[in-house]
Amino acid sequence: MALRQILTEPNKILREKSLFVEKVDKDLQKLMDDMLETMYAAPGIGLAAIQVGVPKRVIVMDIGSRNTSETLNDNTHIEKKSPMYFVNPEIIEKSEHNSTYEEGCLSVPGQFAEVDRPAKCHIKYLDYHGQPKEIKAEGMLATCIQHEMDHLEGILFIDYLSKLKKTMIIKKLSKQKKTVERIIV
Ligand code: GNR
Ligand code: NI
């Protein structure tokens with residue numbers, strides 16, 4: 001496994017539309033392994049392939065789970081890993097009513113904003129082994145899947161904000177980028 005670099009705004013690659021995967025093979029599994037490692041290291045709860053510069057319809061997520069968390073004697077919790085892999089995800093159905101979550105994005109570092117999305121969605125996809133699967137998502141899972149599926153279309157959560165908010169965030173990020181470049185050079 002290897003860590004990959006996460007692209008951040010402003011970057012045109014993040015606006016690319018990702019392509020459907022033809023076959024879930026060893027190379028694609030290696031990409032998913034790398035993405036998961038990169039996501040955990042960040043740390044984040046989801047990552048789309050385009051965020052590491054690969055325009056394929058591949059998503060990894062780990063939103064944790066109560067079922068897999070362990071409670072120790074001293075009442076502290078250990079979250080066991082519950083990785084999820086989505087290849088070629090498609091929305092079959094989404095709910096009428098929305099819910100609002102405060103979202104962040106590894107490609108928009110340090111910025112958070114409330115976003116409205118359908119509260120529930122029914123998704124079909126291929127799993128890590130290329131097997132067709134379906135999932136009915138709600139809560140954080142639904143929000144996160146939709147956030148990641150937006151990445152596959154070149155959409156970022158800041159696109160849902162007012163023009164003013166979005167412009168301010170992009171300005172801030174490009175300034176930060178220039179400062180980082182100056183320090184490196
Ligand atoms: O780590 C992440 N947290 C998050 C919080 C609320 C809604 C969506 C997300 S996804 C984000 C990681 C990321 O940028 N995935 O594309
Ligand atoms: Ni994101």
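Before any of the text, the structure's been laid out above.
The residue numbers shown here count from 1 along each chain, following its written sequence. Chains carry letters and ligands carry numbers; both start at the beginning, A for chains and 1 for ligands, and go up in the order they are written. In keeping with the model being predicted, local features are shown solely for residues with a pLDDT of at least 70 and side-chain atom pairs are shown and tallied solely at 80 or more, while totals for entire chains, interfaces and linings include all residues. Where side-chain values are given, they derive from all heavy atoms of the structure, hydrogens and water being excluded.

Chemist: Explain the nonpolar core to me, using residue names and the numbers behind them.
Modeler: Nonpolar side chains tend toward joint burial in soluble globular proteins. With 18 residues, the main nonpolar core has Leu28, Met32, Met35 and Val60 as its most contacted residues. Helix numbers and strand numbers start at the N terminus; a helix is a DSSP run of H or I with at least 4 residues, a strand a run of E with at least 2. Those elements that place two or more of their residues in this core are helix H1 (26-41), strand S2 (58-61) and strand S5 (84-94). Among the elements that line this core, the one with the most residues is H1, at six residues. Residue contacts for Val60: discarding those within four places in its chain leaves Met32, Met35, Leu36, Met39, Gly46, Leu47, Met84 and Tyr85. We define a nonpolar core as any set of buried Ala, Val, Leu, Ile, Met, Phe, Trp, Tyr and Cys residues linked to one another through side-chain atoms lying within 4.5 Å. Each residue's exposure class comes from its accessible area (1.4 Å probe, protein chains only) as a fraction of the maximum for that residue type: buried when under 20%, exposed when over 50%, partly exposed otherwise. Note on contacts: a residue pair is in contact if any heavy atoms of the two residues lie within 4.5 Å.

Chemist: Help me get a handle on the pairing of strand S7 (residues 108-118), residues and values and all.
Modeler: Strands qualify as paired when DSSP identifies two bridges or more between them. In the sheet, strand S6 (residues 98-105) pairs with S7 via seven bridges, with the strands oriented antiparallel. From the neighbouring strand, Glu102 faces S7, where its bridge partner is Glu114.

Chemist: Explain the site of ligand 1 to me, using residue names and the numbers behind them.
Modeler: Inspection of the region around ligand 1 gives 13 residues, with Ile45, Gln51, Leu106, Glu148 and His151 positioned closest. Leu106 has a polar backbone atom sitting 2.8 Å from an oxygen atom of ligand 1. The term polar contact refers here to a pair of N or O atoms within 3.5 Å; inside protein, the definition further demands a hydrogen-donor-capable atom paired with an acceptor-capable atom, and it admits residues adjacent in sequence only when both atoms are side-chain atoms. Measuring from an oxygen atom of ligand 1, one finds a side-chain N or O atom of His151 at 2.8 Å. Computed with the Shrake-Rupley method and a 1.4 Å probe, the accessible areas treat only the protein chains shown as cover for residues. Considering ligand 1 on its own, with 390 Å² of exposed area, one finds that the protein chains cover 90% of that surface. Listing elements by their share of the shell around ligand 1, those giving two or more residues are S6 and helix H2 (139-152). Of the residues in the shell around ligand 1, the class split is four nonpolar, six polar and three charged. Note on terminology: near, applied to a residue and a molecule or strand, indicates that one of the residue's heavy atoms is within 4 Å of it. Note on residue categories: nonpolar means Ala, Val, Leu, Ile, Met, Phe, Trp, Tyr, Cys or Pro, charged means Asp, Glu, Lys or Arg, and polar means any other residue, Gly included.

Chemist: Which residues make up the sheet that holds S5, and what are the values?
Modeler: Spatially, five strands are ordered S1-S2-S5-S8-S9 in an open sheet, and the strand pairing comes out antiparallel. Bordering the open sheet on either side are strand S1 (46-48) and strand S9 (132-138), each of which pairs with just one other strand. Put simply, the sheet's adjacent strands are angled 40° from each other on average, direction ignored. Note on definitions: angles span 0 to 180 degrees between N-to-C directions of axes, and those axes are lines fitted to C-alpha atoms, for helices only across the stretch in contact. Each of S1, S2 and S5 touches H1; the most contacted strand, S2, lies at about 40° to it.

Chemist: Can you lay out the pattern of salt bridges for me, pointing to particular residues and giving the numbers?
Modeler: Counted as salt bridges are all cases of a side-chain nitrogen of Lys or Arg within 4 Å of a carboxyl oxygen of Asp or Glu. Tallied over the full model, the rule gives ten salt bridges. Among the salt bridges present, the one from Glu153 reaches Arg57, with a minimum N-O distance of 2.4 Å. Placement of Glu153 in the loop between H2 and helix H3 (163-184) and of Arg57 in the loop between S1 and S2 is noted, with a sequence separation of 96 residues between them. On the basis of relative accessibility, which here comes to 7%, the residue Arg57 falls in the buried class. Put simply, Glu9, Arg15, Asp159 and Lys166 are held in one network by salt bridges that share partners.

Chemist: I'd like to hear about the side chain of His151, residue by residue, with values.
Modeler: Counting through the fold element by element, His151 comes out in helix H2. Dropping the residues within four chain positions of it, His151 is found in contact with Glu16, Ala48, Ile50, Gln51, Cys105 and Leu156.

Chemist: I'd like a rundown of the pairing of S2, residues and numbers included.
Modeler: Across the two faces of S2 the burial is the same, with Val58 and Val60 and Ile59 and Met61 all buried. Inspection of the sheet shows S2 paired to S5 by four bridges, in the antiparallel sense. Bridged to Met61 within S5 is Met84.

Chemist: So what's going on with a nonpolar patch on the surface? Residues and values would help.
Modeler: A surface patch of nonpolar side chains, about 210 Å² in accessible area, is lined by Ile45, Ile63 and Met140. By the secondary structure assignment, Met140 is in helix H2. Residues qualify for a patch when their relative accessible area is over 30% and they have no salt bridge, like charges being joined within 9 Å and the nonpolar side chains of Val, Leu, Ile, Met, Phe, Trp and Tyr within 5 Å.

Chemist: I'd love a proper account of the packing of aromatic side chains, names of residues and values included.
Modeler: Only the six-membered ring of Trp is used, alongside the rings of Phe and Tyr, when aromatic pairs are assigned; centres must lie within 6.5 Å, and planes under 30 degrees apart are stacked while those over 60 apart are edge-to-face, with the rest tilted. Under the defined criterion, the tally for this structure stands at two aromatic pairs. Geometrically, the ring pair formed by Tyr85 and Tyr128 is tilted, given 4.7 Å between the ring centres and 55° between the ring planes. Of this pair, Tyr85 sits in strand S5 while Tyr128 sits in the loop between strand S8 (120-126) and S9, placing them 43 residues apart in sequence. Assessed through its relative accessible area of 18%, Tyr128 is described here as buried. The criterion for a charge sitting over a ring is simple: Lys NZ or Arg CZ within 6 Å of the ring centre, and within 35 degrees of the ring normal. Above the ring of Tyr40, the side-chain terminus of Lys81 is found at 4.7 Å from the ring centroid.

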